[in-house]
There are 2 protein chains.
Amino acid sequence: MNLKELSEQLGLSQTTVSRALNGYPEVSEETRRRVEAFARKMNYQPNSNARRLATGKSYTIGHVVPLSDHDMINPHFSDFIAGAGEIYNRRGYDMLISVVNADTEKSVYESLSRNRRVDGVIVHGPRVKDDRLTILRKLKLPFVVHGRTSDPEDSFSWVDVNNRRAYHKAATYLLEAGHRRIGLINGWEYMTFALKRREGLETALRQNGIEPDPEIMVSSEMIEPNGHGAMKAFLAHRDPPTAVLCSSMLTAMGASRAVHESGMELGRDISLIGYDDCLSFLPAAGEYPSMTVMQSSIRLAGKHCADMLIDLIDGNAGHRNLLLEAEFVIGASTGPAPVMATT
Amino acid sequence: MNLKELSEQLGLSQTTVSRALNGYPEVSEETRRRVEAFARKMNYQPNSNARRLATGKSYTIGHVVPLSDHDMINPHFSDFIAGAGEIYNRRGYDMLISVVNADTEKSVYESLSRNRRVDGVIVHGPRVKDDRLTILRKLKLPFVVHGRTSDPEDSFSWVDVNNRRAYHKAATYLLEAGHRRIGLINGWEYMTFALKRREGLETALRQNGIEPDPEIMVSSEMIEPNGHGAMKAFLAHRDPPTAVLCSSMLTAMGASRAVHESGMELGRDISLIGYDDCLSFLPAAGEYPSMTVMQSSIRLAGKHCADMLIDLIDGNAGHRNLLLEAEFVIGASTGPAPVMATT
DNA sequence: AAAGCCAATCAAAGCGCTTTGGCTTCGCTG
DNA sequence: CAGCGAAGCCAAAGCGCTTTGATTGGCTTT
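Residues numbered from 1 in each chain as written. Chains lettered and ligands numbered in written order. Predicted model: local features only at pLDDT ≥ 70, side-chain atom pairs only at ≥ 80, totals over all residues. Heavy atoms only, no water.

> Describe the protein's contact with DNA strand D, with residues and values.
Looking at DNA strand D, there are 27 residues lining it, with Leu 3, Ser 18, Arg 19 and Tyr 24 of chain A together with Thr 15 of chain B nearest. Among the atoms of DNA strand D lying within 4 Å of the protein, the sugar-phosphate backbone contributes 59%. Between DNA strand D and Leu 3 of chain A there is a distance of 2.4 Å, counted from a phosphate oxygen to a backbone nitrogen or oxygen. Here a phosphate oxygen of DNA strand D sits 2.6 Å away from a polar atom, N or O, in the side chain of Ser 18 of chain A. (Near = heavy atom within 4 Å. Polar contact = N/O pair within 3.5 Å; in protein donor to acceptor, adjacent residues only side chain to side chain.)

> Talk me through helix α6 (residues 105-114) of chain A; I want residue IDs and the actual numbers.
All names here are of chain A. Regarding α6, the residues found buried are Glu 105, Val 108, Tyr 109, Ser 111, Leu 112 and Ser 113. Turning to α6, the residues buried within the fold contact β1 (60-66), β2 (94-100), β3 (120-123) and α7 (132-139). Where α6 ends, the next residue or the one after it, Arg 116, has phi of about 55°, a positive value. (Buried < 20%, exposed > 50% of the residue type's maximum accessible area, 1.4 Å probe, protein only. Helix = DSSP H or I, 4+ residues; strand = E, 2+ residues; numbered from the N terminus. Contact = heavy atoms within 4.5 Å.)

> Before we move on, could you go through the domain arrangement of chain A and cite the residues and values that matter?
In many analyses, interface size is given as the accessible surface area lost on bringing the parts together. Parsing chain A into structural domains produces domain 1 (3-55), domain 2 (60-161 + 298-325) and domain 3 (163-297 + 328-342). The gap between the C-alpha centroids of domain 1 of chain A and domain 2 of chain A is 33 Å. (Domains from an automatic or database assignment.)

> Any chance you could break down the interface of chain A and chain B for me, citing the residues and the numbers?
Listed as interface residues are 52 residues of chain A and, on the opposing side, 54 residues of chain B. Approximately 4,600 Å² of surface area, both sides summed, lies buried where chain A meets chain B, with 52% of it carried by carbon and sulfur atoms. Across the contact surface, chain A and chain B share two salt bridges. Here Arg 117 of chain A ties to Asp 94 of chain B by a salt bridge, and the two come within 2.5 Å at their closest N and O atoms. Listing elements by their share of the side of chain A that touches chain B, those giving two or more residues are α4 (48-55), α5 (77-90), β2, α6, α10 (224-236), α11 (249-261) and α12 (298-313) of chain A. Per element, the largest residue contribution to the side of chain A that touches chain B is eight residues, and it comes from α5 of chain A. Judged from the three bridges that link them, β2 of chain A and strand β2 (residues 94-100) of chain B form a sheet pairing that is antiparallel. Across the sheet, the residue bridging to Leu 96 of chain A is Leu 96 of chain B, located in β2 of chain B. (Buried area = accessible area lost by both parts, 1.4 Å probe. Salt bridge = Lys/Arg side-chain N within 4 Å of Asp/Glu carboxyl O. Pairing = 2+ DSSP bridges.)

> Kindly report on the sheet that holds β2 of chain A, identifying the contributing residues and their values.
Taken together, the twelve strands give an open sheet; going across it, the order is β11(A)-β5(A)-β4(A)-β3(A)-β1(A)-β2(A)-β2(B)-β1(B)-β3(B)-β4(B)-β5(B)-β11(B), and neighbouring strands pair in mixed fashion. What marks the edges here is a single partner per strand, and that holds for β11 (321-324) of chain A together with β11 (321-324) of chain B. With direction set aside, neighbouring strand axes in the sheet form an average angle of 20°. (Axes fitted to C-alpha atoms, helices over the stretch in contact; angles between N-to-C directions.)

> Account for the pattern of salt bridges, naming residues and giving values.
Scanning the model with the defined rule gives 56 salt bridges over all chains in all. For Arg 91 of chain B, the salt bridge is made with Asp 311 of chain B, and the minimal N-O distance between the two is 2.9 Å. Linking Arg 91 of chain B in helix α5 (residues 77-91) with Asp 311 of chain B in helix α12 (residues 298-313), this pair joins segments that are 220 residues apart in sequence. Take Arg 91 of chain B: its relative accessible area is 29%, and that puts it in the partly exposed class. For Asp 311 of chain B, a relative accessible area of 17% corresponds to the buried category. Ionic pairing is found between Arg 137 of chain B and Asp 151 of chain B, a salt bridge with its closest N-O pair at 3.4 Å. One end of the pair, Arg 137 of chain B, is in helix α7 (residues 132-139); the other, Asp 151 of chain B, is in the loop between β4 (143-146) and β5 (157-161), with 14 residues separating them in the sequence. One salt-bridge network, held together by shared partners, links Arg 91, Asp 307, Asp 311 and Arg 320 of chain A.

In structure tokens form, the structure reads like this:
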């Protein structure tokens, strides 16, 4: 059933039927109702390719996922997608995912844009210095960044967590509990979020007259074994940290495992704070031996990004920014600094 | 730059240019070369919406992800997508992901099909009795199932792991090591894969004259806390299992944690076998205290599904099936059955 | 009553591609 | 040398929608 048939059966022109269905004003209420009822009855749905061709809009949002053959795919990705997808669905958009080789990523944007495959894209995992923004600007393709880059904050749309403040707050909490040596198991610091986290911690340390020690700060892929390895190394340090901040639940779990292996107990012998992205498959707070965490839902961030991008596309808004605050949830993995023989 | 301009500049008709670019034979080799060179130089790419409209093909594969608001999104999903996406990319297809409310899933297939949004779909997480197949058949929409249903095996295309054999094999290995009580921490058993896993275990038990005990078999969401809870319950049983099969790494990690908490040691006091889907963010074998696992890459399965579906769409093949064997990797989490006072 | 307007509708022209059917050449056969 | 088939090219007709630019009739305005 296409528009032509539909309009013939209704005894109307295609124009009128199209307008009736798309909510244009120059159609009488009565006709509109009649058309809508009949369309529903006939189960009519416009052919989206035809519509796309005619309007030049694609009603599709692109997500470009750079991924080399044996790369790891970010475990956060699916939760983000889940959140964004829900909004797309609600607002009549489709989600197009391009898995591309890292080195062809940029040309993919060009191609998506030239082809009018997508009306806009979400930029994932922004680097401090990220030339994707340059490309997208040149292409005039609307985009929203999940995170930030070093570009001026008001020069593009983004949704981000206040990572700096979160880590500042967590560190301050530890400092107030008497900790003087605070380690960091971070993600890759060429990613903006990781850099800001370190800055947050360092600022808090300096405000308390402590010079950050790079020997108890590591930056790597945020997976369990890395958390385990990093914590193990920290514990073997001549002057080990009494508290450690992690950048994910996975590394926190690894770190926690290392602590247990060494016979120590979390919250008593050493304090650990994780970062909970509220990933759906990761232990919910309360289930897993309750860990002190900074917490913010990545799925929610996905929703925000999607909404913001669609607003941008519809022209209802210019650049917008959304800075989410992570919640600080105190669990059992933190406690006062152990009393040392020294000092 | 569109076809019209391109052909004008080349001094050829649109027909010829289109044919040249699409590899039709009725174009001289010389012309084809000239056209191709020029198109590349001009950076021409056909407008895909126009092409879709004209051909009725969408060059897009759909993935429908049912997801209610606070549902968990399957952690396997992103790895599967990564694998499939790579193939789509290579073979010139796009990936469309629809996140839908579980209750509207079926109508989404209709809509995707009627709209010609997709040329085919991948069916995720098949149930034993799954009416999605009925719908897709009625819609004549090509599909490949990742897993199987209770429908006759040769009546549709699927890619699956030989779950039954994997669990049979793992159980037999344990039985040969003297274990007589083997527990199971399974996924939801309305999912075919989980059902087959239990069947594999039960068959092995019966072949050794042991009646399966439902009290040491649980079925639930495969996340860490559930593994932990299940194992804790098993250990508290009046006649606890000496070995346990898990259906994922997440539950295995939870189970492992429960074992450690109880002061026991894996491989000595109790044996544990996990199922490693080779998820990119999960501890690689060797890193995590090496666990005995059944192993098969879900990312690879994604690749196979994608290839199979595209073949199906292109009409190069009828129904095809691919039964992958899981590898059995012996690690340190298994050992001979502990010698009991009894027996 | 003529003029003008608004509301409601329509015919037709795109959107940029593919594909059908036809038209030249040209080389070859009988 | 007529006749024919193949090779190579083209014009034009879709694909199913949106949108521009009429067109109509009924009502108000002067």
